[in-house]
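# Results of the structural survey
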Amino acid sequence: MKNLSTKEYRKRIENINSAELDNKKYFRRHRIRDYMPGQATYNLGDYPARFSISPTEYDYNMLKDLAENGVELIQIHEEWNDSIRHLGADKFTSHDPAGLRKFVDLCHSFGIKIIPYVSTGYFSVRDPDFTEAFTRGAYDLAGDHFHYRKCHAGSAEWRRYVLPRTFDILDEYGFDGIYNDWGYDGMDIAQQAALKKGLDIDKITVLDMPYDPEIEDMLSTVYSEVKRRGGVYKLHADRNNTAPCKDKVYDYLWIGEGTSDSGNFGVGKSYEQYIVPCQHAEFSDESNPDYYYAKVIPFMQFPLLKRGRPLLGRGLEEDISYTVDSVDHQHKLRIRDYMKAHPDGPYIYSLWSAIPDDVEEYSRWCRYLVLYKPMVTQNSVAYIELRECGDIFSPLPENVYASMFVNEEKYLVISNLSGKDYTLDLRDIWRDRVSGREGKSFAIGQKQILFLIKK
């Protein structure tokens, strides 16, 4: 808890009262608690090639820099384990357990929490432990080196197998929670039903699926055990979807993988908080990189940073069966060819990256995080997507999004996504937090975002 002066308390009380009085119409109001906006992926290596997870000087310097620039949580993906049993381990154990523990300890030394990839659904059909009793149909996902079945949350055999092993991961390596890539077969079932009706399956979302008490109970079981251990639970529910559940089943929901962000404003704004969007470069227009921030920040979302060890395109000559026509495999081939031609970089840090990553992405992410974090401190109140606000005199047309964040200060963020210039007129004097300009009127160009603080 921040120790405020009497003057600061007086200002906070005034801000809270005035915001509640003046904000007459908005999409949602949210009291911010236990929110870590500074989150990143951290690539460890080019699985299924063999590599050491033990931290190097490179990792030390990068993690130190990430911590100094506001990263609070990193997630590592399946390269930490051995999902196809190629390196002598399995999906629930590390191929380099000693190195992994050292890496976890290094993260903790910098105050960074670390969570690993797990899945309550995806499991290799080639694994010797696989049985059809885990499933309710051949709902598969194949790409690059893997061929997974989407196991059924309503299978007692699957739960008996996967849940103890998932919790053992938490206890074995000292992780601070988990990232669950759910691998839910309900989406496949919804798509099959749509096909029978002649509908476009690419437009099927979680909103087209019925409430599912079985997946809710599965996710809630994991969530409860993670929280009992004091951990963080992040969920990924395919592309821009959330889980078809009534109960709270995550701390953070990752959206954006495998889908275009063009023209999408406020995706996930109605979901249970907190939402962590990922800009998947392969499906994104990156000609105006600041535009992405304008599309997510007013909805209390902050993008996932992509960092770690560079991908080198190794492992493609390993003696395993590849799904060569998959998007994943073709992306890795392009990475391999690029790295052969550019061994000294610029580099690629994730499977969601451009080839190569924008060299300004990290510094840009840091600049926006500095602006974002003071607005979302513990116990702040957010008014998302204002439509009637006593502080704002000018009309808020369609696709101009304004949100207010209130604590000891009063903040406004406004994104102009309308396709034409917009002038914001205010009742009082506010200061532009980027330019320092003060006034009651601010011009906001197309695809731009404005950060204001009340004087």
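Because the structure is a prediction, the values reported are computed rather than measured. (Residues numbered from 1 in each chain as written. Predicted model: local features only at pLDDT ≥ 70, side-chain atom pairs only at ≥ 80, totals over all residues. Heavy atoms only, no water.)

### Structural notes on the sheet that holds strand E10 (residues 252-255)
Taken together, the eight strands give an open sheet; going across it, the order is E11-E10-E9-E8-E4-E3-E2-E12, and neighbouring strands pair in parallel fashion. Two strands in the sheet have a free side with no partner beyond their single neighbour: strand E11 (275-277) and strand E12 (305-308). Shown here is a sheet whose adjacent strand axes are inclined to one another by a mean of 30°, direction ignored. Bridge analysis of strand E8 (residues 177-181) against strand E9 (residues 232-236) gives five bridges, and the strand direction is parallel. Across the sheet, the residue bridging to Asp-181 is His-236, located in E9. Across the sheet, helix H6 (residues 213-228) lies against E8 and E9, angled at about 155° from E9, the strand it touches most. (Pairing = 2+ DSSP bridges. Helix = DSSP H or I, 4+ residues; strand = E, 2+ residues; numbered from the N terminus. Axes fitted to C-alpha atoms, helices over the stretch in contact; angles between N-to-C directions. Contact = heavy atoms within 4.5 Å.)

### Looking at the environment of Tyr-58
Looking at the element boundaries, Tyr-58 is found in helix H2 (residues 57-68). The spacing of Tyr-58 and Glu-78 is 20 residues in sequence and 21 Å in space, taken between C-alpha atoms. Leave out the neighbours within four places in its chain, and Tyr-58 touches Tyr-42, Gly-308, Arg-309, Pro-310 and Tyr-349. Reaching out from Tyr-58, the side chain makes a polar contact with the backbone oxygen of Gly-308 at a distance of 2.7 Å. (Polar contact = N/O pair within 3.5 Å; in protein donor to acceptor, adjacent residues only side chain to side chain.)

### What about the packing of aromatic side chains?
Evaluation of the coordinates by the stated rule reveals 33 aromatic pairs. With 5.8 Å between their ring centres and 75° between their planes, Trp-80 and Phe-175 make a pair best called edge-to-face. Here Trp-80 is found in the loop between strand E3 (73-76) and helix H3 (97-109), whereas its partner Phe-175 is found in the loop between helix H4 (156-173) and E8, with 95 residues between them in sequence. Overall, the relative accessible area of 0% leaves Trp-80 in the buried class. For Phe-175, a relative accessible area of 8% puts it in the buried group. (Phe/Tyr/Trp six-rings, centres within 6.5 Å; stacked < 30°, edge-to-face > 60°. Buried < 20%, exposed > 50% of the residue type's maximum accessible area, 1.4 Å probe, protein only.)

### Considering the packing of H4 against H6
Interhelical geometry of H4 versus H6 gives an angle of 25° and a closest axis separation of 10 Å. With respect to H6, the element H4 is oriented roughly parallel. The crossing of H4 and H6 is right-handed. Residues Trp-158, Arg-159, Val-162, Leu-163, Phe-167 and Leu-170 of H4 touch H6, and the partners they reach there are Glu-214, Asp-217, Met-218, Thr-221, Val-222, Glu-225 and Val-226. Residues that form the contact of H4 with H6 fall into these classes: eight nonpolar, one polar and four charged. (Parallel < 35°, antiparallel > 145°, perpendicular 65-115°, else oblique. Left-handed = near helix turned anticlockwise from the far one by under 90°. Nonpolar A, V, L, I, M, F, W, Y, C, P; charged D, E, K, R; others polar.)

### Comments concerning the sheet that holds strand E17 (residues 438-444)
Ordered in space as E1-E13-E14-E15-E18-E16-E17, the seven strands form an open sheet in which the pairing is antiparallel. Both outer strands of the open sheet, strand E1 (23-31) and E17, are each paired with one neighbouring strand and no more. Taken over all neighbouring pairs, the strand axes of this sheet differ in orientation by 25° on average, direction set aside. Taken together, the six bridges between strand E16 (residues 422-432) and E17 define a ladder with antiparallel strand orientation. Note on E17: the bridge partner recorded for Thr-423 is Ala-443. Strands in contact with helix H1 (residues 6-22) are E1, strand E13 (381-389), strand E14 (400-406), strand E15 (410-416) and E16; relative to E1, the strand with the most contacts, it is inclined by about 125°.

As far as function goes, none of this settles anything; it's purely spatial.
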